[in-house]
Amino acid sequence: MSDYLIRAEQLSRTFGKGAAEVHALVDVTVEVHPGQLTVVRGPSGSGKTTLLNILGGLDRPTSGRVLLGDGRVLSEMKENDVLAVRREMVGHIFQSFGLVPVLSAAENVEVALRLKKTPVAERADRVAAALDKVSLGKHGTQRPYELSGGQQQRVGIARALVSDPQILIADEPTGQLDSDTAATIMDLLSELTHERGIAAVVSTHDPILMARADRLIELHDGHVADGALASADA
Ligand SMILES: Nc1ncnc2c1ncn2[C@@H]1O[C@H](COP(=O)(O)OP(=O)(O)OP(=O)(O)O)[C@@H](O)[C@H]1O
């Protein structure tokens with residue numbers, strides 16, 4: 001076993017062809033470690049979403065490899081096996097929360113357990129524990145529109161956490177929140193990462209939130225900025 005949970009080696013991702021070709025990632029090598037909050041920062045269009053999508057098994061590199069800590073090569077797996085890795089290992093948190101409007105907070109969280117085919121008898125307790133963990137124990141019956149933006153994102157975090165992922169991938173999770181709420185959400189992600197030994201990978205534009213990073217990956221035009229990874233190693 002390695003000390004990393006995911007290692008991306010010499011990753012490149014190109015979109016389009018010919019004159020329309022875009023090099024979203026170029027020769028990117030990064031590692032994601034358990035118990036660490038890794039922040040990916042960089043200007044708009046620098047490749048943050050592309051990197052997160054590849055690390056989370058939602059996209060594949062044009063070249064390079066994505067290794068899992070147990071030795072498997074995510075970037076070379078069949079689609080069904082990638083789907084299984086996503087369900088077993090990865091929790092996704094979205095900028096726009098991604099909640100189903102007609103479902104209550106608890107039902108939104110339960111969706112993740114349904115997808116994993118968790119036995120019905122286990123679900124209620126696990127949903128309640130996940131909502132408690134994000135301080136929403138008393139809000140399980142409320143629909144997303146009855147919750148504030150910060151509360152909706154907490155539901156999104158509970159949904160990502162309920163299936164006990166090893167990796168949390170969050171693309172601009174605070175992008176739609178005011179700065180105070182954004183800070184509390186980032187504190188929560190940091191606490192969960194350290195407490196549960198999860199590897200969290202979070203992209204953000206917000207310099208204040210970067211202070212919570214255990215590791216920093218800085219992207220510019222698809223390249224990792226020199227020294228960014230090494231200097232931020234905890
Ligand atoms: N599916 C796609 N097809 C074509 N080009 C794409 C696609 N996805 C991303 N790109 C291009 O790749 C580059 C990197 O995009 P990406 O979304 O990863 O950047 P980002 O750093 O997340 O930006 P932002 O902060 O604005 O979300 C951009 O030039 C983008 O236009």
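Above: the structure in question.
These numbers were taken from a predicted model, which means no experiment stands behind them.

Trainee: Honestly, the overall build of the protein in this entry has me stumped. Any pointers?
Mentor: Of regular secondary structure, the protein possesses eight helices and nine strands. Taken against the 2.2 N^0.38 rule, which gives 17 Å for 234 residues, the C-alpha radius of gyration of the protein at 17 Å falls within 12% of a compact globule. Principal-axis analysis of the C-alpha atoms places the extent of the protein at approximately 50 × 40 × 35 Å. Counting all 234 residues of the protein, 50% fall into the buried class.

Trainee: Please explain unusual backbone geometry as it appears in this structure.
Mentor: With the exception of glycine, most residues fall at negative phi, and the peptide bonds are largely trans. Look at Asp27: it is not a glycine, yet its phi comes out positive at around 55 degrees. For Asp27, the position within the fold is in strand β2 (residues 22-32). On the basis of relative accessibility, which here comes to 47%, the residue Asp27 falls in the partly exposed class. Positive phi is not limited to glycine here, since Asp221 has a value of about 50 degrees. Relative to the helices and strands, Asp221 resides in the loop between β8 (215-220) and β9 (223-224). On the basis of relative accessible area, Asp221 is assigned to the exposed category, the value being 64%.

Trainee: What is the right way to read the site of the ligand from this model?
Mentor: If you check the shell around the ligand, you find Phe15, Val22, Ala24, Pro43, Ser44, Gly45, Ser46, Gly47, Lys48, Thr49, Thr50 and His205 and nothing else. The separation between an oxygen atom of the ligand and a polar main-chain atom of Gly45 is 2.8 Å. Between the ligand and the protein, one listed contact pairs an oxygen atom with a backbone N or O atom of Gly47 at 3.1 Å. Here the ligand has 640 Å² of accessible area as a free molecule, and 58% of this is covered by the chains. Sorting the residues of the shell around the ligand by element identifies β2 and α1 (48-55) as the ones contributing at least two each. With three residues, the top contributor of residues to the shell around the ligand is α1. Among the residues forming the shell around the ligand, the class breakdown is four nonpolar, seven polar and one charged.

Trainee: Explanation requested: the sheet that holds β8 in the structure shown.
Mentor: In any sheet, the strands associate via hydrogen bonds between backbone groups, in a parallel or an antiparallel arrangement. Taken together, the six strands give an open sheet; going across it, the order is β5-β6-β7-β3-β8-β9, and neighbouring strands pair in mixed fashion. Among the strands making up the open sheet, the edge pair consists of β5 (90-93) and β9. Where strand β3 (residues 37-41) and strand β7 (residues 199-203) come together, four bridges link them in parallel fashion. Each residue of the ladder has a partner; that of Thr38, found in β7, is Val201. Relative to strand β6 (residues 167-171), α1 is tilted by about 155 degrees, and along the sheet it contacts β3, β6, β7 and β8.

Trainee: Any chance you could explain the pattern of salt bridges here in plain terms?
Mentor: Opposite charge on two side chains lets them pair, provided their charged atoms get close. Per the stated rule, a full pass over the model turns up 15 salt bridges. In this structure, the salt-bridge partner of Arg114 is Glu110, at a minimum N-O distance of 3.8 Å. Within this pair, Arg114 and its partner Glu110 are both found in helix α3 (residues 105-115), separated by four residues, close to a single helical turn. For Glu110, a relative accessible area of 18% translates into the label buried. For Asp164, the salt bridge goes to Arg126, with nearest N and O atoms at 3.9 Å.

Trainee: Teacher, can you tell me more about helix α6 (residues 179-196) here?
Mentor: For α6, which comprises 18 residues, the first-to-last C-alpha distance of 25 Å matches the rise-based estimate of 26 Å (1.5 Å per residue) to within 8%. If you check which residues of α6 are buried, you get Ala182, Ala183, Ile185, Met186, Leu188, Leu189, Ser190, Leu192 and Thr193. The backbone nitrogen of Asp180 has a side-chain oxygen 3.1 Å away, supplied by the residue at the start of α6, namely Asp178. Directly beyond the C-terminal end of α6, a positive phi value near 65 degrees is found at Gly197.

Trainee: Whenever I open this one, the packing of α3 against helix α5 (residues 149-161) confuses me. Can you help?
Mentor: Axis angle and axis distance: for two packed helices, these are the angle between their axes and the distance between the axes, and together they describe the pair. One way to put it is that α3 packs onto α5 with a least axis distance of 7 Å and a crossing angle of 30 degrees. In terms of axis orientation, α3 runs roughly parallel to α5. Note that α3 runs across α5; the crossing there is right-handed. Listed contacts from α5 to Ala105, Asn108, Val109 and Ala112 of α3 are Val155, Ala158 and Arg159.

What counts as what
- Residues numbered from 1 in each chain as written.
- Predicted model: local features only at pLDDT ≥ 70, side-chain atom pairs only at ≥ 80, totals over all residues.
- Heavy atoms only, no water.
- Helix = DSSP H or I, 4+ residues; strand = E, 2+ residues; numbered from the N terminus.
- Rg over C-alpha atoms; globule rule 2.2 N^0.38 Å.
- Buried < 20%, exposed > 50% of the residue type's maximum accessible area, 1.4 Å probe, protein only.
- Near = heavy atom within 4 Å.
- Polar contact = N/O pair within 3.5 Å; in protein donor to acceptor, adjacent residues only side chain to side chain.
- Areas by Shrake-Rupley, 256 points an atom, 1.4 Å probe, with all protein chains shown as cover.
- Nonpolar A, V, L, I, M, F, W, Y, C, P; charged D, E, K, R; others polar.
- Pairing = 2+ DSSP bridges.
- Contact = heavy atoms within 4.5 Å.
- Axes fitted to C-alpha atoms, helices over the stretch in contact; angles between N-to-C directions.
- Salt bridge = Lys/Arg side-chain N within 4 Å of Asp/Glu carboxyl O.
- Expected span 1.5 Å × (residues − 1).
- Parallel < 35°, antiparallel > 145°, perpendicular 65-115°, else oblique.
- Left-handed = near helix turned anticlockwise from the far one by under 90°.

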